Amino acid sequence: MKQVTKKILCALLAGAMAASVAACSSPASSGGGDAASTGGSDAASTADDGGEAASDEPIELTFWHIWPDDQMADIVDSYLAQYKEEHPNITIESVATQEVEYQNNKLKIAAATGSQGDVFMCWGGGYAQSYVEAGVVLPLDEYFESSGALDDMLDGALTYCTYDGQAYGLPLKQWAGTLFCNQDLFDQYNVEIPKTWDQLMTAVETFRANGVTPMVLGAKDAWHIGMIQNALAVRTAGPDYMNQALMGEATFDTPEIVQSAQLTVDLMNAGAFVDGTLGIGSEEAQEEFYMGMVPMYYGGSWCAAGCDNPDNAISQCEVTVTQMPTVEGGKGDENTYSGGVIDFFMINANTEHPDEAFDFALGMTKYMSEECYKIGDSLPAWDLDIDESEVSPTLIKIREMIQPATGYVLAWDTFLTGAAIDAHYQLLQGLIAGTTTPEEFASGMQEAMEAELADSAAAE
């Protein structure tokens, strides 16, 4: 895996700091102040999850997150009010910043000096790794053990926030790549829901023969091409190998990854996607499916809420969810997925109140995991007793589908950084445009990864 020291992290972020000083003064949902708060004694500690603090001494904590408005902000505010009632001596300063600004600038600048919030939203995989190696994130293993939190966590929830055997995050939510199918159109044209690659290609051919565009793809947004190709790589190469390759421990230049690119091209050549797909964005593609005119859409589980939204025509149809079809001879079976847990709450290693920060973060994480599931935003990362009468029916189907899951691989652009992400996007769009061969895709990905690893080594 890539190694970035604290000294190098600060150097890397210096440019971002110079270009984005304004990021340090982003609006807060309940007050200002961006630095990790201080005050009180370290002696105070929590008895258990949701329990009262052992001391009544006033304590202040800052909570950095990415939800300044809409439903997610309401969920945050609801738990803040609940926590304040249960812990009257603890004041939580909620600092909200729009996601893009937060992810690309604000958190990077603050983490260079360890001045991010006491509890802060972060992303695992390659994104958080440099912060962990810089020593600005608190390891949580002893807190998990003493609180018993692991008993309530889903298997694999800590995979992408674990570095060198230590866990550093509280898992907020998970996602799973899903093939959404308009069952009404499948029935109308007597097409079988595809479980294998051959069945998928037959479905594409049948719909095309009847003048129906089989799928929509927002190829203008290269990450959406990646949703399909990445999922196919899970099928051809298997999750274990793909995770190794994405961590720089194995090569991308293999027959299996070439095959995943070739299958993506095969879909394109078979007429699976709407004409002019490179000019269509991901949101436009989603809307095409929601209009009820397209039989198939491959996307994340977050699309479930749109399928059940009464404002969308698709809500009047039966929606069937299924896995990416299996590939004959592939190393990933039907119980392996693109997806997993990438959203985490982490704790500043410099906080003066680690016990209280963990107690708050644990409660907020469980609360948000449940509430996000209820509004159709995501799948829960915790084993919670949830009244599913309030949940999107399509999301319930996905949760049931993934129960036997044996392996996940996050989206490739979650692992990659900098120029390697740009290279990945260019290679994906080249596949769809016909300017990049599957062999060039695999070798190009390996070249991009080697360049990234070389840059990291040179920076040490």
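Up top is the structure.
Residues numbered from 1 in each chain as written. Predicted model: local features only at pLDDT ≥ 70, side-chain atom pairs only at ≥ 80, totals over all residues. Heavy atoms only, no water.

Asker: Mind showing me how you'd approach the overall build of the protein chain here?
Answerer: When you go through the protein chain residue by residue, the secondary structure sums to 17 helices and eleven strands. The contacts in the protein chain between residues at least 6 apart in sequence include a share of 78% that link residues at least 24 apart. Entry remark: accessible area of the protein chain is about 18200 Å², with carbon and sulfur atoms responsible for 48%. (Helix = DSSP H or I, 4+ residues; strand = E, 2+ residues; numbered from the N terminus. Contact = heavy atoms within 4.5 Å. Areas by Shrake-Rupley, 256 points an atom, 1.4 Å probe, with all protein chains shown as cover.)

Asker: Would you mind going over the packing of aromatic side chains with me for this structure?
Answerer: Taken as a whole and assessed by the stated rule, the structure comprises 22 aromatic pairs. What links up through ring pairs into an aromatic cluster is the set F63, W67, Y79, Y83, F345, F360 and Y367. Above the plane of the ring of W64 lies K106, whose end atom (NZ or CZ) is 4.6 Å from the centre. (Phe/Tyr/Trp six-rings, centres within 6.5 Å; stacked < 30°, edge-to-face > 60°. Lys NZ or Arg CZ within 6 Å of the ring centre and 35° of its normal.)

Asker: Would you take a moment to explain unusual backbone geometry for this structure?
Answerer: Leave glycine aside and you will find that most residues have negative phi; peptide bonds, for their part, are mostly trans. Not every positive phi belongs to a glycine, and D70 is a case in point at roughly 70°. The phi angle at N190 is positive, at roughly 55°, despite the residue not being glycine. Within the secondary structure, N190 is located in the loop between α6 (183-188) and α7 (197-209). On the basis of relative accessible area, N190 is assigned to the exposed category, the value being 73%. (Buried < 20%, exposed > 50% of the residue type's maximum accessible area, 1.4 Å probe, protein only.)

Asker: Please clarify how helix α10 (residues 255-269) should be interpreted in this entry.
Answerer: Every α-helix carries 3.6 residues per turn, so stepping three or four residues along brings you back to the same face. The terminal C-alpha atoms of α10 lie 20 Å apart, and with 15 residues this matches the ideal 21 Å at 1.5 Å per residue to within 8%. Restricting attention to buried positions, one finds in α10 the residues I257, V258, S260, A261, L263, T264, V265 and L267. (Expected span 1.5 Å × (residues − 1).)

Asker: Explain the packing of helix α8 (residues 222-237) against helix α16 (residues 419-433) to me, please; I cannot follow it from the model alone.
Answerer: The axes of two packed helices give the description: the angle between them and the distance between them. At a minimum axis distance of 9 Å, the contact between α8 and α16 shows a crossing angle of 75°. When the axes of α8 and α16 are compared, the pair comes out roughly perpendicular. Where α8 abuts α16, its residues A222, W223, I225, G226, Q229 and N230 lie against H424, Y425, L428, Q429 and I432. (Axes fitted to C-alpha atoms, helices over the stretch in contact; angles between N-to-C directions. Parallel < 35°, antiparallel > 145°, perpendicular 65-115°, else oblique.)

Asker: Explanation requested: the side chain of R399 in the structure shown.
Answerer: Mapped onto the secondary structure, R399 falls in helix α14 (residues 393-401). Judged by relative accessible area, R399 falls into the buried class, the value being 15%. Apart from residues lying up to four places away in sequence, R399 is in contact with Y373, L379, P380, W382, L384, I386 and E388.

Asker: Hey, could you run me through helix α13 (residues 354-374) in this one?
Answerer: Its 21 residues place the ends of α13 30 Å apart at the C-alpha level, agreeing with the 30 Å of an ideal helix rising 1.5 Å per residue. Most of α13 is tucked away: 18 of the 21 residues are buried. In the stretch just after α13, G376 is the one whose phi turns positive, near 85°.

Asker: Help me out: how do you make sense of the nonpolar core in this one?
Answerer: Side chains that are nonpolar tend, in soluble globular proteins, to be buried together. Counting 148 residues, the largest nonpolar core has M242, M296, M368 and W412 as the members making the most contacts within it. With ten residues, α13 is the largest single contributor of residues to this core. The residues touching W412, leaving out its near neighbours within four places in the chain, are Q229, N230, A233, M242, L246, F252, I257, H424, F441 and M445. (Core = buried A, V, L, I, M, F, W, Y, C linked by side-chain atoms within 4.5 Å.)

Asker: What's the story with the packing of α8 against helix α9 (residues 239-246) in this structure? I'm lost.
Answerer: One can describe the packing of α8 onto α9 by two numbers: an axis separation of 7 Å at closest approach and a directional angle of 120°. Relative to α9, α8 is oriented oblique. When α8 is examined against α9, the residues A233, V234 and A237 are found in contact with a partner set consisting of P239, Y241 and M242. Looking at the contact of α8 with α9 residue by residue, the classes come out as six nonpolar, no polar and no charged. (Nonpolar A, V, L, I, M, F, W, Y, C, P; charged D, E, K, R; others polar.)

Asker: Which parts of the structure should I look at to understand the environment of S147?
Answerer: Within the fold, S147 resides in helix α5 (residues 141-147). Exposure remark for S147: the relative accessible area of 27% places this residue in the partly exposed category. Distance from S147 to L362, taken between C-alpha atoms, is 9.4 Å for residues 215 residues apart in sequence. With near-sequence residues (within four places) excluded, S147 lies in contact with F358 and L362. From its side chain, S147 meets the backbone oxygen of F144 in a polar contact 3.4 Å long. (Polar contact = N/O pair within 3.5 Å; in protein donor to acceptor, adjacent residues only side chain to side chain.)

Asker: Would you take a moment to explain the side chain of N335 for this structure?
Answerer: Mapped onto the secondary structure, N335 falls in the loop between β8 (319-322) and β9 (336-347). Note on N335: relative accessible area 17%, which makes it buried. Excluding residues that lie within four positions of it along the chain, N335 makes contacts with P404, A405, T406 and G407.

Asker: Got a minute to help me understand the pattern of salt bridges in this structure?
Answerer: Scanning all chains against the criterion turns up eight salt bridges. Between D152 and K366 there is a salt bridge, and its shortest N-O distance comes to 2.8 Å. Placement of the pair is D152 in the loop between α5 and β4 (162-163) and K366 in helix α13, with a sequence separation of 214 residues. Exposure remark for D152: the relative accessible area of 29% places this residue in the partly exposed category. As a salt-bridge pair, E371 and K374 come within 3.4 Å of each other at their nearest N and O atoms. Within this pair, E371 and its partner K374 are both found in helix α13, separated by three residues, close to a single helical turn. Within this structure, E370, E371, K374 and E390 form a network of salt bridges that share partners. (Salt bridge = Lys/Arg side-chain N within 4 Å of Asp/Glu carboxyl O.)

Asker: Is there a simple way to explain the environment of V76 in this structure?
Answerer: Checked against the element boundaries, V76 lands in helix α2 (residues 70-86). Along the sequence, V76 and M368 sit 292 residues apart, while their C-alpha atoms lie 7.4 Å from each other.

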